[in-house]
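Single-letter residue listing:
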Amino acid sequence: MYKHIALGGTFDLLHIGHIALLEKAFFISKFVSIGITTDKFCQGSGKFPYENQTRRRGNLISYLAKNNLTKRSKIIWLHDIYGTTLKDETIEAIVVSKNSRRGAEIINIARAAIKLKKLKIIEVPIIRASDGKIITTGRIRKGQISPNGANYQKLLIKIADVRFSQKIRQKLKIPFGKFAKSSSLKKLQLPTITVGDITTAKFLKLKIAPSLAIVDFLVNRKRAFKNLQELGFIQPNPDYLVKNTPGQISTELISAIKKAFENFQKQVILVNGEEDLAFIPALLLAPIPSVIFYGQPRKGLVRVDVAPDTKSKLCSLLNLTRAV
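Conventions and cut-offs
Residues numbered from 1 in each chain as written. Predicted model: local features only at pLDDT ≥ 70, side-chain atom pairs only at ≥ 80, totals over all residues. Heavy atoms only, no water. Helix = DSSP H or I, 4+ residues; strand = E, 2+ residues; numbered from the N terminus. Buried < 20%, exposed > 50% of the residue type's maximum accessible area, 1.4 Å probe, protein only. Polar contact = N/O pair within 3.5 Å; in protein donor to acceptor, adjacent residues only side chain to side chain. Contact = heavy atoms within 4.5 Å. Pairing = 2+ DSSP bridges. Right-handed = clockwise from strand over helix to strand, strands pointing away. Axes fitted to C-alpha atoms, helices over the stretch in contact; angles between N-to-C directions.

A few points about the side chain of Glu 274
By the secondary structure assignment, Glu 274 is in the loop between β12 (267-273) and α11 (279-285). The exposure class assigned to Glu 274 is buried, which follows from its relative accessible area of 9%. A distance of 3.3 Å separates polar atoms of two side chains, one belonging to Glu 274 and the other to Arg 221. Sequence-distant contacts of Glu 274, that is, excluding residues within four places in its chain, are made with Asp 216, Leu 218, Arg 221, Asn 244 and Pro 246.

Given below as structure tokens:
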């Protein structure tokens, strides 16, 4: 339909909403100019992407190469909303989402002022996640959905209150992240989640208050602490008290973790039962970026950085393929 069209955006945490725009553009045009906002432009607009401009561009380059679209495209930096649309007379149309349509209208006003033909505005329908809500980078960063639109809470409910298979339990015994030294903990600048009593007590001893701590007063399945003060907390009572059967993840625990992340500041979940698998809902529901620490028996402290790839890796391990 067209020889040359344009589209632009931040492309932070490339998701299926972004992919829908790209697919539409390449379906209707032989060549596509793709604008990516610079970090400086984002900051000036009050936006602070999770990924810097180099990484965002790299992800886009990988997508184009994977789909054999490199030769049919050109990536440009956006230092303002216009890009090359006021200079390149070969651009015939611009692809937008509902939220970015106003920007295209402003571009057309500027083009008319300099006697350039207005661009045809092609609006792509909004893409929704499995929960029916709009897919946005903000929702991914909040830990609500995956880049493919899967709702993490819904995925967790599928495996709630069911004992894991022996195969999965064996895989979960393998450290999910890297071992961390105690000396590195004081340098942390990210929101921190601790799972387990010994891990939590270690942080509190170092005067580091976790943004969320999940404990059960047990160590090696034996009662080791009587109350929160023995662990090192000042507060006498937990923010949430939930039941969780050993070897399972209860819907009650999932709900409490989700609520805790909605008010992510120095909260405690006390588990009546065992918190041995609380790491799973904690990772999937945690905001990006944050970091989780849990103890590996006889091996040490494991650190897991909360990011799309670690969430995807865990979903694959649990056979929750929708989120991969």
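Examining the pairing of β12
Within β12, five of the seven residues are buried, which leaves the element mostly enclosed by the surrounding structure. Inspection of the sheet shows strand β8 (residues 212-215) paired to β12 by four bridges, in the parallel sense. The residue of β12 that forms the bridge with Val 215 is Leu 270. Pairing between strand β11 (residues 240-244) and β12: five bridges, direction parallel. The partner of Lys 243 across the bridge, within β12, is Asn 272. Traced from β11 through helix α10 (residues 251-262) to β12, the parallel crossover comes out right-handed.

Observations regarding the sheet that holds β8
In a beta sheet, neighbouring strands pair by backbone hydrogen bonds and run either parallel or antiparallel. Reading across from one edge, β6-β14-β13-β7-β8-β12-β11 is the order of the seven strands in this open sheet, with mixed pairing throughout. Edge positions in the open sheet fall to β6 (178-180) and β11, since each of these has one partner strand only. Each neighbouring strand pair of the sheet contributes to a mean axis angle of 25 degrees, computed without reference to strand direction. Direction of pairing for strand β7 (residues 192-195) relative to β8: parallel, over a ladder of three bridges. When the bridges of β8 are listed, Thr 194 appears paired with Ala 213. Across the sheet, helix α8 (residues 197-205) touches β7, β8, β13 (290-296) and β14 (300-306), and the angle it forms with β7 is around 135 degrees.

Comments concerning the side chain of Thr 194
Within the secondary structure layout, Thr 194 lies in strand β7. In this structure Thr 194 touches Thr 199, Thr 200, Phe 203, Pro 210, Leu 212, Ala 213, Ile 214 and Phe 293, once residues within four positions along its chain are discounted.

What about unusual backbone geometry?
The peptide bond linking Ile 288 to Pro 289 adopts the cis configuration, its omega dihedral lying at 0 degrees. Tracing the backbone through its elements, the reader meets Pro 289 in the loop between α11 and β13. Despite not being glycine, Asn 220 has its phi angle at roughly 55 degrees, a positive value. Along the chain, Asn 220 turns up in the loop between β9 (218-219) and β10 (222-223).

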